[in-house]
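Overview (structure and organization)
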Amino acid sequence: MSIGEKWQKKWKESKIFEANVDSREKFYTTVAFPYPNSPFHLGHGRTYVTADIYARYMRMKGYNVLFPMGFHYTGTPIITMADDVAKGEKEVIDIFKNIYEIPDQVIPKLSDPLFMANYFKDDIKKAMDEMGLSIDWRREFTTIDPEFSSFIVWQFNTLQKRGFVVKDTHPVGWCPVHHLPVGMHDTKGDMEPDIGEYTLIFFESKSGYLPAATLRPETIFGVVAIWVNPKEKYVIAEVKGRKVILSERSAFKLTFQIDNIKVLEKISGSELTKITAINPVTGDTIPILGADFVDVNTATGIVMSVPAHAPFDYFYLKKVSSSIRPIAVVQVDGYNEFPAVELVEKSNPKNDTDLKKLTEQLYRIEYNKGRMRKDAIERSKEEFRSELGSVIGISVPEARKSITDFLISHGLGDKIYEIMNKPVYCRCGNEVVVKILKDQWFLDYGNPEWKALVRKLVSKMRLVPDEVRKDFEYSIEWLQKRACARTRGLGTPLPWDKKWIIESLSDSTIYMAYYTIAHKIKAYKLRASQMTFDFWDYVLLGKGDINDISKLTGISIDVLQQLRSEFMYWYPLDMRHSGSDLIPNHLSFFIFNHAAIFPEDLWPRGIAVNGLVLYEGKKMSKSLRNIIPLRKTIRIYGPDVIRITLSSLSDMGSEANFTDAAAKSVMDSLKRFYEIASSISSFNGNELGFAEKWLMSRLNSSIKQSISLMDNMRFRDANNLILFGLLSDVNEYMEMVKAEGRDPNGSILRDFVIAWTRLLAPFAPHIAEEVWNALGNSGFVSVSRWPNYDESNIDLKLELEHEYHKEIIDDIRSILNVYKGNPKIATIYVANTSEHTLLMDALKTTAGGGTLKTFMSSHRPKNKEEAKELQDIFEYATEMSDSKKKLLLLGVDEEVLLKEGLPLIKYKTGLDIEVQKYSDEIMRKYKKESFPLRPSIVLS
Ligand SMILES: Nc1ncnc2c1ncn2[C@@H]1O[C@H](COP(=O)(O)OP(=O)(O)OP(=O)(O)O)[C@@H](O)[C@H]1O
């Protein structure tokens, strides 16, 4: 049995991670529960390990820590993956077989969604155990358990009562094949479909109306042509009683937004270029031109050409026609009448990417600074002139609104929705479109009363790292109505309209409350039918009469009271962990729903967000199929190496790539830790010299630093300090005592290793338990206390002195590198006291903002040599390291200091060392200067 398995078994047997209510202060932490539609990959590993390290740390700080786990079965991700297996999709089957190494005989069974969910739930659970997560498994549940469903029914009834669930008609991202709303979690690569509006303007032609789609309807006065793609297919269709021309793709997509679109005939893009169109506002007759840049998959596939204000239009128009003149519409200070022409001529774009950048630039400038020109408005038809007169001179945003209203009210325009960040693909592989969902159930995240509560909640929350606060604030403002039910998938039916199933991101927002009593529900064998609305109202909100509820549910008063006090002990949740992908959806919904349902004193206190693990530049993701399986890497490196590597890849908030090189370096360091710990009994020294005092100082100052790093979840820095830093200190100590020709002090090293083991325990709990036990400690290090530091053992001066010795060693080594010959002796010439006084003075001058001139004028050099000497010492003062400055200020006798370090310097350089006073003669002989703490060194 490996060390990992051994300790995982012992933890389980001793139930140390089963958290029960007691008199200690509690710390309640959770991570987003997983969708078991694939095994875990390294990306998941990072997020769950991050949560576990903090849970373990808080446990060692003395908190009663609860870290539970459940499994998310709801919705479509499981069904979609099972469908892929059923269809025999090669890529999915290859990954399951060859990357996750799922046995051949299991794969066909994965086409059954429930089999898949249960199979991967067990696999993920194993991964969590193999990783050493300190989970209280008694509370495990899945979101299709009837008991959990009763809780969701209560949640939705409560939300509805508060007016936060509404029936409405609203645009949503939509899978056109499976006919389901698609949110970020249902897409490949987790892209939230961003729904925006295009204005359509109807240009008349002999074949029907051409609905040009634009984001800038105010430029209608400057349209000189219509663009279509000559290589693509268009159709003439009847839409809302009007004959219109659309790209074939658009005609399909718009069926999800507009009822009764009838395709009458097909027409090619090149055919269209043979006819002309009429601008409905100006009455101008304009050509229809062909251009490959027209994307028939965006809006209607028909685009108006405004060369004065659109870089694309000017650039491509130049290629096809030299006679068409731009028409100015918007005036911008600092630009001539045709800003797009000016920008294109100046920047000389090479391709569409360059043009896109120019478009964005001009769009922003005109939006912020542009005003509508009088001459442009006067180009409108006589009948519209007086009505449109009001837009003369107004800003672009104001004009955009007025003109859109004008077009729609006169039947000259309309609006359609489009996915602005397209292409977004559903996990089934189809491109997501916009659907106007009628009479659907929505969670009204746009409700102003609800948003106000949420703002308050977020303002009180601890967010780690703090930079994510702006992301939450943005997401909370941006969220509007969100479809919360589907007709397909696993989950809980909507209580008042049972044909709908509550979807996965709506039934996973307050389930942290369920964990607090999940184990008791099982222990008392409570049935879903007993867990009525009143039951949940009492347990979670303290409402109702306990006697009545007991009678109605058949649950004893004692059990009801227990459940209520369990909940009240653990709630509010102290920390919620997740990868950053869940900020705009799950984590925001978690905040919204807590704000809606619970009183302020039960609102969650914190969210910790870690950066994603990437693979070849993209989020490692089941949906992108770019994964490294977690369990496999644990088998290769062992759990502790993986835990440390994942938590020290980068700072908490940054994205990271896993590399074998990083894992190997962690493995080497852990091995060395283990070797040192295993050899403690062989160290028989008992001297308490400079080296021992230095080692204890390093340990105590590292413990001191570790506390603030761990409190702030700066795990990368903590690892650098605890694993790599302390390892290098102990190696250094071994060399120091070896240099003195003596044995390491066994008792000091034992104390050091015991404290070190505690510090390592949250990161490498398995090896830490092994060492803890081998050193004869009782109990588990996992539930021991975080080490205390003793301020009186921290000797800054001693640490700085050792730094100084190391610098001298480095200096001698650099001279040795270039020295020709075979030197035996290094003579170190220490600066004399007059230099010391001068240096202190120079330091004072620089600290007070003085310059070389100030310094010179206060010392008045008598000759050139003296002036040179003053200048050198001043320069040295300006470039001196902080640690040397501190050492100087603490007051040292450099000669004594050097003599203390002689054994180490000799040992590390292999030379005899002599220490002498510096003199002018040395200067003359070797042309070398000595400054305090920077002696000159001569090899011979
Ligand atoms: N590449 C990643 N890096 C870090 N954390 C991740 C990564 N992928 C998923 N997670 C985290 O794992 C937790 C559970 O995720 P979930 O089961 O919803 O997987 P998922 O996001 O659907 O996975 P995938 O994106 O691979 O399909 C979430 O907190 C999520 O942020």
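Residues numbered from 1 in each chain as written. Predicted model: local features only at pLDDT ≥ 70, side-chain atom pairs only at ≥ 80, totals over all residues. Heavy atoms only, no water.

The protein chain carries the name Leucine--tRNA ligase in an unreviewed UniProt entry, which gives Candidatus Acidianus copahuensis as its organism. The protein chain has a UniProt comment under Subcellular location (unreviewed entry) that states "Cytoplasm". Within the UniProt record for the protein chain, the comment given under Catalytic activity (unreviewed entry) is "tRNA(Leu) + L-leucine + ATP = L-leucyl-tRNA(Leu) + AMP + diphosphate". (UniProt positions renumbered as here; feature names shortened; annotations may be inferred.)

Describing the site of the ligand
The local shell around the ligand holds 22 residues, among which Thr47, Asp581, Lys619, Met620 and Lys622 are the closest. At 3.4 Å, a side-chain N or O of Arg427 approaches an oxygen atom of the ligand. At 2.8 Å from a nitrogen atom of the ligand is found a main-chain nitrogen or oxygen belonging to Met620. Computed on the free molecule, the ligand has an accessible area of 590 Å², of which 99% lies beneath the protein chains in the complex. Taken atom by atom, the bulk of the ligand overlaps the largest cavity. Only helix 2 (42–60) and strand 22 (575–579) provide two or more residues apiece to the shell around the ligand. Considering every element that reaches the shell around the ligand, the biggest residue donor is helix 2, with 4 residues. Residue composition of the shell around the ligand, by class: 8 nonpolar, 9 polar and 5 charged. (Near = heavy atom within 4 Å. Polar contact = N/O pair within 3.5 Å; in protein donor to acceptor, adjacent residues only side chain to side chain. Areas by Shrake-Rupley, 256 points an atom, 1.4 Å probe, with all protein chains shown as cover. 1 Å grid on protein atoms, 1.4 Å probe; cavity = no way out; pocket = protein on both sides within 12 Å on 5 of 7 lines; lining within 4 Å. Sits in = over half its atoms within 2 Å of the grid points. Helix = DSSP H or I, 4+ residues; strand = E, 2+ residues; numbered from the N terminus. Nonpolar A, V, L, I, M, F, W, Y, C, P; charged D, E, K, R; others polar.)

Thoughts on the confidence of the model for the protein chain
Segments scoring low in pLDDT should not have their predicted coordinates read at a detailed level. For the protein chain, the average pLDDT comes to 94, and 100% of its residues sit at 70 or higher. We note a pTM of 0.83 for the whole complex and an ipTM of 0.95 for its interfaces. (pLDDT = per-residue confidence, 0-100.)

A short note on the pattern of salt bridges
If you walk through the whole model with that rule in mind, you get 68 salt bridges. For the salt bridge of Asp295 with Lys422, the shortest nitrogen-to-oxygen distance reads 3.4 Å. One end of the pair, Asp295, is in the loop between strand 12 (285–290) and strand 13 (303–305); the other, Lys422, is in the loop between strand 16 (413–419) and strand 17 (433–444), with 127 residues separating them in the sequence. Owing to a relative accessible area of 38%, Asp295 belongs among the partly exposed residues under this scheme. A salt bridge links Arg373 to Asp375; the shortest N-O distance between them is 3.0 Å. With relative accessibility at 14%, the residue Arg373 sits in the buried group. One network of salt bridges, with partners in common, ties together Glu18, Asp136, Arg138 and Arg139. (Salt bridge = Lys/Arg side-chain N within 4 Å of Asp/Glu carboxyl O. Buried < 20%, exposed > 50% of the residue type's maximum accessible area, 1.4 Å probe, protein only.)

A word on unusual backbone geometry
A cis geometry characterises the amide bond from Lys422 onward to Pro423, with omega recorded as 0°. One can find Pro423 in the loop between strand 16 and strand 17. Residues Val464 and Pro465 are joined by a peptide bond in cis, for which omega reads -10°. Inspection of the secondary structure puts Pro465 in the loop between strand 18 (462–464) and helix 16 (469–478). Phi angles above zero are rare outside glycine, and Glu101 is one such case at about 55°. Structurally, Glu101 is set in the loop between helix 4 (90–99) and helix 5 (113–130).

A closer look at the layout of surface pockets
Counted as a void, the largest pocket has a volume near 1300 Å³. What lines the largest pocket is a set of 32 residues, among which Tyr198, Leu215, Thr298, Phe312 and Thr359 lie closest to the centre. Elements supplying a minimum of two residues to the lining of the largest pocket: strand 6 (210–214), strand 13, helix 9 (311–320), helix 11 (352–369) and strand 16. Considering every element that reaches the lining of the largest pocket, the biggest residue donor is helix 11, with 5 residues. Residues belonging to the lining of the largest pocket are distributed by class as follows: 17 nonpolar, 6 polar and 9 charged. The calculated volume of the second largest pocket comes to roughly 480 Å³. The wall of the second largest pocket is formed by 23 residues, among which Glu192, Pro193, Ile195, Trp478 and Lys481 lie closest to the centre. Contributing elements (two or more residues each) for the lining of the second largest pocket: strand 3 (165–175), strand 5 (195–203), strand 19 (481–483) and helix 21 (583–597). If you tally residues by element for the lining of the second largest pocket, the top one is strand 3, at 4 residues. (Points joined across faces, edges and corners; volume = space filled by probe spheres on them.)

Comments concerning the packing of helix 24 (residues 660–678) against helix 26 (residues 715–739)
It is at 10 Å that the axes of helix 24 and helix 26 come closest, and there the two elements cross at 45°. With respect to helix 26, the axis of helix 24 lies oblique. Between helix 24 and helix 26 lies a crossing whose hand is left-handed. For the pair formed by helix 24 and helix 26, the contact residues are Ser665, Val666, Ser669, Leu670, Arg672, Phe673 and Ile676 on the first element and Leu723, Phe724, Leu727, Val730 and Asn731 on the second. Looking at side-chain class alone, the contact of helix 24 with helix 26 contains 8 nonpolar, 3 polar and 1 charged residues. (Axes fitted to C-alpha atoms, helices over the stretch in contact; angles between N-to-C directions. Parallel < 35°, antiparallel > 145°, perpendicular 65-115°, else oblique. Left-handed = near helix turned anticlockwise from the far one by under 90°. Contact = heavy atoms within 4.5 Å.)

Focus on empty space enclosed by the protein
By the definition in use, this model includes 8 cavities of 30 Å³ or more. The space that makes up the largest cavity amounts to roughly 460 Å³. His44, His185, Asp581, Leu582 and Lys619 are the residues nearest the centre of the largest cavity, which is lined by 29 residues in total. If you list the elements that add at least two residues to the lining of the largest cavity, you get helix 2 and strand 22. Among the elements that line the lining of the largest cavity, the one with the most residues is helix 2, at 4 residues. For the lining of the largest cavity, the residue count by class is 11 nonpolar, 12 polar and 6 charged. Approximately 120 Å³ is the volume found for the second largest cavity. Around the second largest cavity sit 14 residues that line it, and Thr76, Thr80, Leu180, Asp186 and Cys426 are the ones nearest its centre. A per-element tally of the lining of the second largest cavity places helix 3 (residues 76–86) first, with 4 residues. Class assignment for the residues of the lining of the second largest cavity results in 7 nonpolar, 3 polar and 4 charged.

Remarks on helix 4
Among all positions of helix 4, only Val92, Ile93, Ile95 and Phe96 are buried. End-on, the buried residues of helix 4 take up no more than an arc of 160°, which puts them together on one face. Buried residues belonging to helix 4 abut helix 3 and helix 5. Once helix 4 finishes, Glu101 follows within two positions and takes phi at roughly 55°, a positive value. (Arc of directions from axis to C-beta.)

A short note on the sheet that holds strand 1 (residues 26–31)
The sheet built from 5 strands is open, its strands ordered 2-1-22-23-18 with parallel pairing. Only two strands of the sheet have a single neighbouring strand rather than two, namely strand 2 (64–66) and strand 18. Within this sheet the neighbouring strands show an average axis-to-axis angle of 20°, counted without direction. Sheet topology note: the strand 22/strand 23 (residues 606–610) ladder contains 4 bridges and is parallel. Following the sheet pairing, Ser578 is matched in strand 23 by Val609. Each of strand 1 and strand 22 touches helix 17 (residues 512–523); the most contacted strand, strand 1, lies at about 115° to it. (Pairing = 2+ DSSP bridges.)

Concerning the nonpolar core
Within the largest apolar cluster, 221 residues are counted, with the highest numbers of intra-cluster contacts made by Phe96, Phe151, Phe472, Trp536, Ile591, Phe598 and Trp756. If one sorts the elements of this core by residue count, helix 26 sits on top with 13 residues. Residues in contact with Phe96, not counting those within four places in the same chain, are Asn37, Ser38, Pro39, Met81, Val85, Glu101, Ile102, Ile107, Leu110, Met116 and Phe120. Residues Ala212, Ala225, Tyr314 and Ala328 belong to the second largest nonpolar core, which totals 59 residues. (Core = buried A, V, L, I, M, F, W, Y, C linked by side-chain atoms within 4.5 Å.)

Focus on the sheet that holds strand 7 (residues 225–228)
Spatially, 4 strands are ordered 11-12-7-13 in an open sheet, and the strand pairing comes out mixed. Only two strands of the sheet have a single neighbouring strand rather than two, namely strand 11 (276–278) and strand 13. Each neighbouring strand pair of the sheet contributes to a mean axis angle of 35°, computed without reference to strand direction. Along the sheet, helix 9 makes contact with strand 7, strand 12 and strand 13, crossing strand 7 at roughly 90°.

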